[in-house]
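Coordinate analysis (summary)
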Amino acid sequence: MKAPVISLQGVHKYYGEQEPRLHVLKGIDLDVAEGEYVSITGTSGSGKSTLLNLLGCLDNTSDGAYLLNGRDVSSFSDDELSKIRNEDIGFIFQSFNLIPQLTVFENVQVPLLYGPRSIAATTHLCHEVIESVGLSDRSEHLPSELSGGECQRVAIARALINDPALLLADEPTGNLDTGTSEEVLTLIDELHQQGRSVVMITHDPEVANRSQRRVDLRDGVIVEAGAA
Amino acid sequence: MIPQKHLEMVRMGLRSLVGYPMRTVLTMLGVVFGVGSVIAMLALGAGAERELLQEIGRLGIQNIIINSIKPEEPKDAAQRSNWISSYGITFKDHRQIVDTIPGIERALPVHVSKKTVWHGSRRVEATLYAVTPEHLDMFDLNTSFGRNLTHLDDVKLSRVCVIRSGMLKELGIYQDPIGFPLNIDNETFYVVGVLAEDSFLGYARKALSVDAKSSEIYVPYSSILMRHGTRSITRRSGSTEATDVELNQVVISVTDLDQVLVTARMLGTLLERNHPNKDYELVVPLEVLSQRQKTQQVFNIALVAIASISLLVGGIGIANIMLATVTERTKEIGVRRALGARRHHIIAQFLTETITISTIGGAIGVLVGVGLVQVLTFFTGWSAAITLSSVILSLSISMAVGIISGIYPARRAAGLDPIAALRHE
Ligand SMILES: Nc1ncnc2c1ncn2[C@@H]1O[C@H](COP(=O)(O)OP(=O)(O)OP(=O)(O)O)[C@@H](O)[C@H]1O
Ligand SMILES: [Mg+2]
């Protein structure tokens, strides 16, 4: 078996400074292998987003270890974490999180501003990625001029621009109807087939069934982890 | 980082400024007016200083001018008609000055009298200046027509004169004025030169006791002195007033600029001794200049300080709006952090916006300032000079205002916890 991309060992997460602190994750052990497609399900408030934010290096664990590509994340500085988010991870959010005053093209460009590559050298790449999500003709439009499905495709293009090995999606179809959900999920399937590791939160069992493995979170612990 | 990436950030930063044009304009206003008033204040200050230099510089900073002043009349003067009042600088003073005070290059005598000048049936009330030829050179009184007075005129006691061009019209002379006869006290003087129309400005005029209308006629000193002596008689209704002033004015030039003040002090002591009744005045242009410059400097500093307060208010305005913007764009900051922006990127982004606002505001402010100066000078006649250094100064100040007012909001934005920012609605 390949070395896991993600390895959580006895991870706890508390919220709040003073007692009683809110104990959200209560000892999570989870490995995600390279190229694996994992879905996380669970009731609302069970800690799914909290878990994904930890995986995305947006938040720190309160206890336990998180190894990303074999390296302990807790030892990294703020700048190093930013670099990991920029280069190694692609985020897809339920509410798209596009920057409203920027065009589609510029939104896709944003991660490049924070990376090492020059803007001029990557113009072509931006067009390519936008084309791969089928929005070539909308490059100069603002997010407010797009439908929800189109916005999510822009967000996916943005997540892909630095070609990350790991995609993290928090209910990517939560704001979409069945038709557009299907388009977005197909896109995610393709990205998985290209060899990326995918961790996706959903509360739709049918969506979860598309993944290779389901992790069910209940009240801060994994109660069921099995093949979908 | 690559500069082009900066440009791209600036471009995207501009997008958010353009996205809310009204807010951006309102944010800019403080800086616009701040810079505008700094520019205007500095221009007015520089204008005043330039005028001052012109005015006093014209007198020659190496010169010292002594004027005779009519002392206050004794109370019973009214009863004593037909009295010859004699006062002022005497030939004896002049001799003493030349003989005893070192470092004097020359001490030119001037005799001034009010005269009625006739040309045919036209007449002008003029001031007759009996001067030595050097006098005209010393005060840059150049002729635009004809020639200046010469030593030969003085030696030959010629009846020639140099007049202000303004008088030509009043005398009804429209042709070439050279050689025209003017009747002064029943004597005929011939015009040999016309002065370029470059009158003395306020202060210089007063110091040289030149009349306000600039109806001056310059004649050779000896011609007047030898013919008429120093007495002048004015007839008023019923009574005759006679005055005897030997020297109305002495213009002294000092060899060494460093010695001007010392020489002035010595002159003061000498005259004080000879004239306890204070019937003279000592004008030292150099002293006046440095005094006035000092006053002007204080004034300039005060002006700029006042203008800076509006710049400060402008800066506070920017900081205030930016803080609101940071709150409003917390979500965007979270998104950017999730996409890999480091703290310094967020700081750079917000600073870029404030610097852009304040610099564009500053540039507009320069234009507003220039316009303000035009309007002010048009309506008040003040003189103003917009200097390049004042433009550079106020642009740099506005840039600094952008940085200073941006620092706190930017740091606050960068200090936000990424996940908290992202969850912000
Ligand atoms: N920053 C925070 N501070 C305090 N409590 C928090 C914070 N973030 C999440 N929580 C709490 O932690 C618990 C888990 O939240 P989380 O967002 O992970 O749930 P979730 O499983 O994603 O739910 P949903 O399906 O509704 O998105 C909730 O009770 C929530 O109120
Ligand atoms: Mg959630």
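Nothing here was measured: the structure is a model prediction, and the numbers come from that model. Each chain has its residues counted from 1, following the order in which its sequence is written. All chains are assigned letters beginning at A, and all ligands numbers beginning at 1, according to the order in which they are written. Thresholds applied to this predicted model are a pLDDT of at least 70 for local features of residues and 80 or more for the giving and counting of side-chain atom pairs; totals over whole chains, interfaces and linings are not thresholded and use all residues. In computing side-chain values, all of the structure's heavy atoms are included and hydrogens and water are not.

Residue and element names in this part refer to chain A. Here the axes come from fitting lines to C-alpha atoms, over the contacting stretch only for helices, and the angles between their N-to-C directions go from 0 to 180 degrees. Secondary structure follows DSSP: runs of H or I at least 4 residues long count as helices, runs of E at least 2 residues long count as strands, and numbering of each begins at the N terminus. Taken N-terminus to C-terminus, the directions of helix α5 (residues 148-160) and helix α6 (residues 178-193) make an angle of 15 degrees; their axes are 9 Å apart at the nearest point. With respect to their mutual orientation, α5 and α6 come out roughly parallel. Considering the relative orientation of α5 and α6, their crossing is right-handed. Contacts between α5 and α6 involve Gly149, Gln152, Arg153, Ile156 and Leu160 from the former and Thr180, Glu183, Val184, Leu187, Ile188 and Leu191 from the latter. Angle categories are assigned with fixed cut-offs, so that under 35 degrees is roughly parallel, over 145 is roughly antiparallel, 65 to 115 is roughly perpendicular, and the rest are oblique. Each crossing gets its handedness from the near helix: less than a right angle anticlockwise from the far helix is left-handed, clockwise is right-handed. Note on definitions: a residue-residue contact is assigned when non-hydrogen atoms from the two residues lie within 4.5 Å.

Another aspect to go through is the pairing of strand β4 (residues 122-131) of chain B. All names here are of chain B. With respect to burial, β4 is a largely interior element, seven of its ten residues being buried. In this sheet, β4 lies alongside strand β3 (residues 104-119) in antiparallel orientation, the contact comprising ten bridges. Bridge pairing in β4 links Trp118 to Arg123. Summarising the sheet, β4 and strand β9 (residues 216-220) pair through five bridges and their orientation is parallel. Relative accessibility thresholds used throughout: buried, under 20% of the residue-type maximum; exposed, over 50%; partly exposed, between the two (1.4 Å probe, protein chains only). The pairing criterion is simple: DSSP has to find at least two bridges between the two strands.

Glancing now at the domain arrangement of chain B. For every domain, the bounds stem from an assignment made automatically or drawn from a database. Considered domain by domain, chain B is made up of domain 1 (3-55 + 291-423) and domain 2 (70-278). For domain 1 of chain B and domain 2 of chain B, the distance between their C-alpha centres works out to 57 Å.

Let us look at unusual backbone geometry. All names here are of chain A. Omega for the peptide link from Glu19 to Pro20 comes to -5 degrees, which places this bond in the cis form. Counting through the fold element by element, Pro20 comes out in the loop between β1 (4-15) and β2 (22-33). Not every positive phi belongs to a glycine, and Asn69 is a case in point at roughly 50 degrees. Taking the relative accessible area as the measure of exposure, Asn69 reaches 46% and is therefore partly exposed.

Take the interface of chain B and chain A next. The partner chain A presents 31 residues to the 27 residues of chain B that form the contact. Buried area: the sum, over both parts, of the accessible surface (1.4 Å probe) that disappears when the two are put together. When residues of chain B are sorted by the area they lose upon contact with chain A, B:Lys5, B:Met12 and B:Leu339 head the list and together hold 24% of the total. The rule for a salt bridge is simple: a side-chain nitrogen of Lys or Arg has to be within 4 Å of a carboxyl oxygen of Asp or Glu. At the boundary of chain B and chain A, one finds three salt bridges. In this structure, the salt-bridge partner of B:Arg11 is A:Glu106, at a minimum N-O distance of 3.1 Å. In the analysis that follows, any N or O atom pair within 3.5 Å is treated as a polar contact, provided that within protein one partner can donate a hydrogen and the other can accept it, and provided that, for residues neighboring in sequence, both atoms belong to side chains. The interface formed by chain B and chain A holds nine residue pairs in polar contact (both at pLDDT 80 or more) in total. Those elements giving two or more residues to the side of chain B that touches chain A turn out to be α1 (3-19), α11 (330-338), α12 (343-380) and α14 (418-423) of chain B.

Enumeration according to the criterion identifies 23 salt bridges over all chains in this entry. We note a salt bridge from A:Arg210 to A:Glu182, for which the minimum N-O separation is 3.0 Å. Here A:Glu182 lies in helix α6 and A:Arg210 lies in the loop between α7 (205-208) and β9 (213-218), a separation of 28 residues in the sequence. With relative accessibility at 39%, the residue A:Glu182 sits in the partly exposed group. Here the residues in one salt-bridge network are B:Arg329, B:Glu332, B:Arg336 and B:Glu353, joined through shared partners.

Turning next to the sheet that holds strand β5 (residues 71-72) of chain A. Residues and elements named next belong to chain A. Taken together, the four strands give an open sheet; going across it, the order is β2-β1-β4-β5, and neighbouring strands pair in antiparallel fashion. The open sheet has two edge strands with one neighbour each: β2 and β5. Bridge count for strand β4 (residues 63-68) against β5 is two bridges, and the pairing is antiparallel. Counterpart to Leu67 in the pairing with β5 is Asp72. The sheet contacts of helix α1 (residues 48-55) involve β1, β2 and β4, and relative to β1 the element is tilted by about 125 degrees.

Next up on the list: the site of ligand 1. Within the structure, ligand 1 sits among 13 residues, and A:Ser44, A:Gly45, A:Lys48, A:Ser49 and A:Thr50 are positioned closest to it. Note on terminology: near, applied to a residue and a molecule or strand, indicates that one of the residue's heavy atoms is within 4 Å of it. This site is not confined to one chain, since residues near ligand 1 come from chains A and B. In the environment of ligand 1, an oxygen atom lies 3.0 Å from a nitrogen or oxygen atom belonging to the backbone of A:Gly47. In isolation ligand 1 offers 630 Å² of accessible surface; the protein chains occlude 65% of this area. Placement of ligand 1 is best described as lying within the second largest pocket. Elements with a contribution of two residues or more to the shell around ligand 1: β2 and α1 of chain A. When residues in the shell around ligand 1 are grouped by element, the largest group, three residues, is from α1(A). Computed with the Shrake-Rupley method and a 1.4 Å probe, the accessible areas treat only the protein chains shown as cover for residues. Cavity: a set of points on a 1 Å grid over the protein atoms alone where a 1.4 Å probe fits but cannot get out. Pocket: an open set with protein on both sides within 12 Å along at least five of seven lines, its lining residues, like those of a cavity, having an atom within 4 Å of a point. Assignment to a cavity or pocket requires that more than half of a molecule's atoms be within 2 Å of the site's grid points.

To continue, consider α1(A). Given 3.6 residues per helical turn, the α-helix brings residues three or four places apart onto the same face. With respect to burial, α1(A) is a largely interior element, seven of its eight residues being buried. Backbone geometry just after α1(A) places A:Cys57 at a positive phi near 60 degrees.

All names here are of chain B. Tracing the sequence through the fold places Thr263 in helix α9 (residues 260-274). For Thr263, the side chain forms a polar contact with the main-chain oxygen of Gln259, separated by 2.7 Å. The residues touching Thr263, leaving out its near neighbours within four places in the chain, are Ile64, Ile101, Pro102, Ile104 and Val254.

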